[in-house]
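Residues per chain are reported as follows:
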Amino acid sequence: MSAETTGSRDFRYWRLRFRAWRGHRPFWAGLLTMAGGVPIMYFPYANMHLGNVTLAMSTTAGAGSLIIGVLLVTLGLTMWFHSVVRTFAGVAAILLALISIPIANIGGFVIGFLLSLFGGALACAWVPTKPRRGDKVEQVENTSEPTATAATETTVDANGGRNSAG
């Protein structure tokens, strides 16, 4: 460190780091999916107090709604930290949201259902951005494939993707 730097990172630095991290993964899809899992988990075990009357929302499907909610939160975290399986996680979130309608109090009173449904749809629709011109792209050499191929009479000369057929 030089004498001019204070050693602490300011808010702008962390905000830009978070923005860069968020840009390489389906952030909003994971956030909506996790937010949809919370009401699906919460409502079957909640007690509402209306004056002196306690209204218990406990149902026989409480364990099923707890499992669905935990799976939705797990799928949301998977979308964030392992974005390669975003399509699987999105489809699974959509299916769990649909299953939560009959099992978990109409999908967490429709709130959890809609959030999970939109989160799963966003995960299926998200694709990583292409690098801009001038950005450095690390290219990994594939060492498992042989480097030289034997040309036989039956192979086609690709010539940069164009063949000589016509």
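A. Highlighting the confidence of the model for the protein chain. Here the protein chain shows a mean pLDDT of 80. Residues at 70 or above account for 73%. Across the protein chain, the element-wise mean pLDDT spans from 76 in strand β2 (residues 53–56) up to 95 in helix α6 (residues 111–125).

B. Seen up close, the packing of helix α4 (residues 86–103) against α6. At a minimum axis distance of 7 Å, the contact between α4 and α6 shows a crossing angle of 160°. Between α4 and α6, the interaxial angle falls into the category roughly antiparallel. Remark: the crossing between α4 and α6 carries left-handed chirality. Touching Arg-86, Thr-87, Gly-90, Val-91, Ala-93, Ile-94, Ala-97, Leu-98, Ser-100 and Ile-101 of α4 are Phe-113, Ser-116, Leu-117, Gly-120, Ala-121, Ala-123 and Cys-124, all from α6. By residue class, the composition of the contact of α4 with α6 is 11 nonpolar, 5 polar and 1 charged.

Calculation criteria
- Residues numbered from 1 in each chain as written.
- Predicted model: local features only at pLDDT ≥ 70, side-chain atom pairs only at ≥ 80, totals over all residues.
- Heavy atoms only, no water.
- pLDDT = per-residue confidence, 0-100.
- Helix = DSSP H or I, 4+ residues; strand = E, 2+ residues; numbered from the N terminus.
- Axes fitted to C-alpha atoms, helices over the stretch in contact; angles between N-to-C directions.
- Parallel < 35°, antiparallel > 145°, perpendicular 65-115°, else oblique.
- Left-handed = near helix turned anticlockwise from the far one by under 90°.
- Contact = heavy atoms within 4.5 Å.
- Nonpolar A, V, L, I, M, F, W, Y, C, P; charged D, E, K, R; others polar.

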